[in-house]
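Close look at the chain arrangement
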Amino acid sequence: MTYSGYGSLAVVIPVYNEEAVVREFHARLSATLDGIECLRTTVVYVNDGSNDHTLGILLALRQQDPRIAIVNLSRNFGKEIALSAGLDHADADAVIVIDADLQDPPELIPEFLRLWQAGNDVVYGQRVSRRGETRLKKATAYLFYRVIQSLSRVHIPEDTGDFRLLSRRAVEALRSLREQHRYMKGLFSWIGYSQVALRYERAPRSAGASKFNYPRLWAFALEGITSFSITPLKIATYVGLLIAALAFIGAALVFYKALVYGDPVRGYPSLMVANLFLSGVQLIGIGVLGEYLGRMFNESKNRPLYFVDEHIPAGRADEPRTLAIIVPDAGSTTGLDHEARPAVRIGGGS
Ligand code: UDP
Ligand code: MG
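By the naming in an unreviewed UniProt entry, the chain is Glycosyltransferase involved in cell wall biosynthesis, taken from Cupriavidus alkaliphilus. For the record of the chain, the UniProt heading Sequence similarities (unreviewed entry) holds the text "Belongs to the glycosyltransferase 2 family. GtrB subfamily."

This is the structure we're talking about:
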């Protein structure tokens, strides 16, 4: 199948300590891209401060495949920011975002392109099933999507990852969002435009380990909720109102009882219960406030999202696909004046 007229395509891959899979990933990606006809294809690897051999492997791959561009970040900034750095360095009509661990099959890219050609600005991959994940993970993921859905006005489709295609204007919209606290799944939805799901089976990780453990997922969930909803703040207000109303009724009852029956000194247990309960509610309220305040503090510093240590752009379009050095071996010739000279054997010994 050919896609003539596709203009330019870029693939963005955030990578952090992926030495175990990145070669295999690129082999599969590159085989897929070879079958897609378009004017210019760029593969942007964002090295998110890996401390293994990922960067070396990427540089070696870049020698063989000039479609590769490498954005080497100055340290580990986390996936969301690495992804944003990739989008900042991807200049194409359509940009595909994909993980390096082969959970998202690169072979689906032509499907994404087809749905984009059909007039969609965002095509997002949606997992058909979460096979291979623990019950606890499934249950917490389910709960999280329900909570965020009921709290936020933006529709964040469930069971979606970052595997998706974005049109040029969708990428431009995302680039204009520079907040530090970036819940990308939410931002992808927030920009709007026509969005469509592409359902697929998500494979288990091909090698290496996931970088997301439970504490990190909790932080991630909190990020999602606080950056897409101020409902928790409103809940604090309404809980406060409700308790104040109950206290008012309670006060009236106490007043009435004191008038009718007098006021012997009693009521230590009820006093303690009321006191502890109210302190708890107040602390929760302050905590919720703190979550938002902390985020405002971070945003108000207005720092750049990331720093780039080095950016190696993709090779020119007119550069040969492979920069192979032609090494003549026995029987072959050096080319030019091969009639005049015998073949040169490299490392032949004689
Ligand atoms: N990743 C990254 N920076 C990080 C953590 C992860 O760039 O700090 C990349 C990682 O290399 C992979 C993708 O983000 O390409 C998804 O990570 P992972 O597979 O660990 O997440 P999971 O699939 O378990 O949610
Ligand atoms: Mg993964």
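From this point, the discussion proceeds with the structure in view.
1. Here we look at helix H10 (residues 268-300)
Helix length check: H10, at 33 residues, gives a terminal C-alpha distance of 47 Å against a target of 48 Å (1.5 Å per residue), a fit within 8%. Of the positions making up H10, those classed as buried are Val-288, Tyr-292 and Arg-295. In this fold, the buried residues of H10 make contact with helix H8 (214-228) and helix H9 (231-261). A positive backbone phi angle near 55° is found at Asn-302, which sits one or two residues after H10.

2. Notes on empty space enclosed by the protein
Here the structure, examined in full by the defined rule, presents one cavity of 30 Å³ or more. In this structure, the largest cavity encloses a volume near 40 Å³. Every residue lining the largest cavity is listed: Ser-84, Leu-87, Asp-88, Val-171, Leu-174, Arg-175, Arg-178, Arg-182 and Met-184. Of all the secondary structure elements, the ones that give two or more residues to the lining of the largest cavity are helix H3 (79-88) and helix H6 (168-175). Here the residues of the lining of the largest cavity are counted per class, giving four nonpolar, one polar and four charged.

3. Structural notes on the coordination of the magnesium ion (ligand 2)
Listed as protein donors to the magnesium ion (ligand 2) are Asp-101 (OD) and Gln-103 (OE1); their distances from the metal cover 1.9 to 2.0 Å. Take Asp-101 and Gln-103: they sit in the same class, and that class is buried.

4. Remarks on the UniProt feature "transmembrane region" (unreviewed entry) in the chain
According to UniProt, the "transmembrane region" (unreviewed entry) feature falls on residues 235-256 and 268-293. Along residues 235-256 one finds 100% helix and 0% strand; the C-alpha atoms at either end are 32 Å apart. The span residues 268-293 is 100% helix and 0% strand, and its two end C-alpha atoms sit 37 Å from each other.

5. Quick notes on the nonpolar core
Nonpolar side chains in soluble globular proteins tend to be buried together. Leu-73, Leu-87, Val-95, Leu-166 and Leu-174 are the most contacted members of the largest nonpolar core, which totals 41 residues. In terms of residue count, H3 provides more of this core than any other element does, five residues in total. Leave out the neighbours within four places in its chain, and Leu-73 touches Val-46, Asn-47, Asp-48, Gly-49, Ala-82, Ala-85, Tyr-306, Phe-307, Val-308 and Asp-309. Core analysis: the second largest hydrophobic core is formed by 33 residues, Leu-29, Ile-57, Phe-112 and Leu-113 among them.

6. Considerations on the packing of H8 against H10
At a minimum axis separation of 11 Å, H8 and H10 run at an interaxial angle of 80°. The angle between H8 and H10 places the two elements in the roughly perpendicular class. For the pair formed by H8 and H10, the contact residues are Leu-222, Glu-223, Ile-225 and Thr-226 on the first element and Glu-291, Tyr-292 and Arg-295 on the second. Of the residues in the contact of H8 with H10, the class split is three nonpolar, one polar and three charged.

7. Remarks on the side chain of Thr-42
Within the secondary structure, Thr-42 sits in strand E2 (residues 40-47). If we ignore the near neighbours within four places in the chain, the residues touching Thr-42 are Leu-9, Ala-10, Val-11, Arg-67, Ala-69 and Ala-314.

8. Considering the site of ligand 1
Lining the immediate environment of ligand 1, one finds 18 residues, of which Glu-18, Asp-48, Asp-101, Gln-103 and Ser-210 sit closest. Between ligand 1 and Asp-101 there is a distance of 2.6 Å, counted from an oxygen atom to a side-chain nitrogen or oxygen. Take Gln-103: an N or O atom from its side chain is 2.7 Å from an oxygen atom of ligand 1. Considered on its own, ligand 1 offers 530 Å² of accessible surface; in the complex 92% of this is hidden by protein.

9. Section: the environment of Gln-149
Relative to the elements of secondary structure, Gln-149 occurs in helix H5 (residues 135-151). Residues Gln-149 and Ile-225, 76 residues apart in the sequence, show an inter-C-alpha distance of 9.4 Å. In this view, Gln-149 contacts Val-154, His-155 and Ile-156; residues no more than four positions away in its chain are not counted.

10. Section: the sheet that holds strand E5 (residues 122-127)
The strand order across the open sheet built from eight strands is E7-E5-E6-E4-E1-E2-E3-E8, with neighbouring strands paired in mixed fashion. Two strands in the sheet have a free side with no partner beyond their single neighbour: strand E7 (195-200) and strand E8 (308-312). If you compare each strand with its neighbour and ignore which way they point, the axes differ by 20° on average. Of the pairings in the sheet, the one linking strand E4 (residues 94-97) to strand E6 (residues 160-167) comprises four bridges and is antiparallel in character. Paired with Ile-96 across the two strands is Leu-165, which belongs to E6. Of the strands in this sheet, strand E1 (8-15), E2 and strand E3 (68-73) are in contact with helix H1 (residues 22-34), which crosses E2 at around 165°. H6 rests against E1, E4, E5 and E6 of the sheet, and its axis sits at about 115° to E6.

Definitions and cut-offs
- Just so you know, the residues in each chain are numbered from 1, in the order the chain's sequence is written.
- The lettering of chains begins at A and the numbering of ligands begins at 1, in the order of writing.
- Selection of residues for local features in this predicted model requires a pLDDT of at least 70, selection of side-chain atom pairs for listing and counting requires 80 or more, and totals for whole chains, interfaces and linings are taken over all residues.
- Values shown for side chains rest on all heavy atoms present in the structure; no hydrogens or waters enter the calculation.
- UniProt positions are given in the numbering used here, feature names are shortened, and annotations may be inferred rather than shown by experiment.
- Secondary structure is summarised from DSSP: a helix means a run of H or I of at least four residues, a strand means a run of E of at least two, and numbering begins at the N terminus for each.
- Multiplying 1.5 Å by the helix residue count minus one yields the expected span of that helix.
- Only protein chains enter the accessibility calculation, which uses a 1.4 Å probe; a residue whose area is less than 20% of its type maximum is buried, one above 50% is exposed, and one in between is partly exposed.
- In what follows, a contact means two residues having at least one pair of non-hydrogen atoms within 4.5 Å.
- Put plainly, a pocket is an open set of points on a 1 Å grid over the protein atoms alone with protein on both sides within 12 Å along at least five of seven lines, a cavity is a set where a 1.4 Å probe fits but cannot get out, and a lining residue has an atom within 4 Å of a point.
- Grid points are joined across faces, edges and corners, and a volume is the space filled by probe spheres set on the points.
- Classes in brief: Ala, Val, Leu, Ile, Met, Phe, Trp, Tyr, Cys and Pro nonpolar; Asp, Glu, Lys and Arg charged; the others, Gly included, polar.
- In this analysis a donor is any N, O or S atom within 2.8 Å of a metal ion (3.2 Å for sodium, potassium and calcium), and since water is not included, sites may seem incomplete.
- Buried Ala, Val, Leu, Ile, Met, Phe, Trp, Tyr and Cys residues that are joined via side-chain atoms within 4.5 Å together make up what is termed a nonpolar core.
- Under this scheme, a helix contributes an axis fitted over its contacting stretch, all axes are lines through C-alpha atoms, and angles between N-to-C directions fall in the 0 to 180 degree range.
- Reported orientations rely on four angle classes, namely roughly parallel under 35 degrees, roughly antiparallel over 145, roughly perpendicular from 65 to 115, and oblique for the rest.
- In these notes, residues near a molecule or strand are those with any non-hydrogen atom within 4 Å of it.
- Two N or O atoms count as a polar contact when they lie within 3.5 Å, although within protein this holds only if one can serve as hydrogen donor and the other as acceptor, and sequence-adjacent residues are included solely when both atoms are side-chain atoms.
- The method behind every accessible area is Shrake-Rupley, applied with a 1.4 Å probe, and residues are considered shielded solely by the protein chains displayed.
- Here, strands pair whenever DSSP counts at least two bridges between them.

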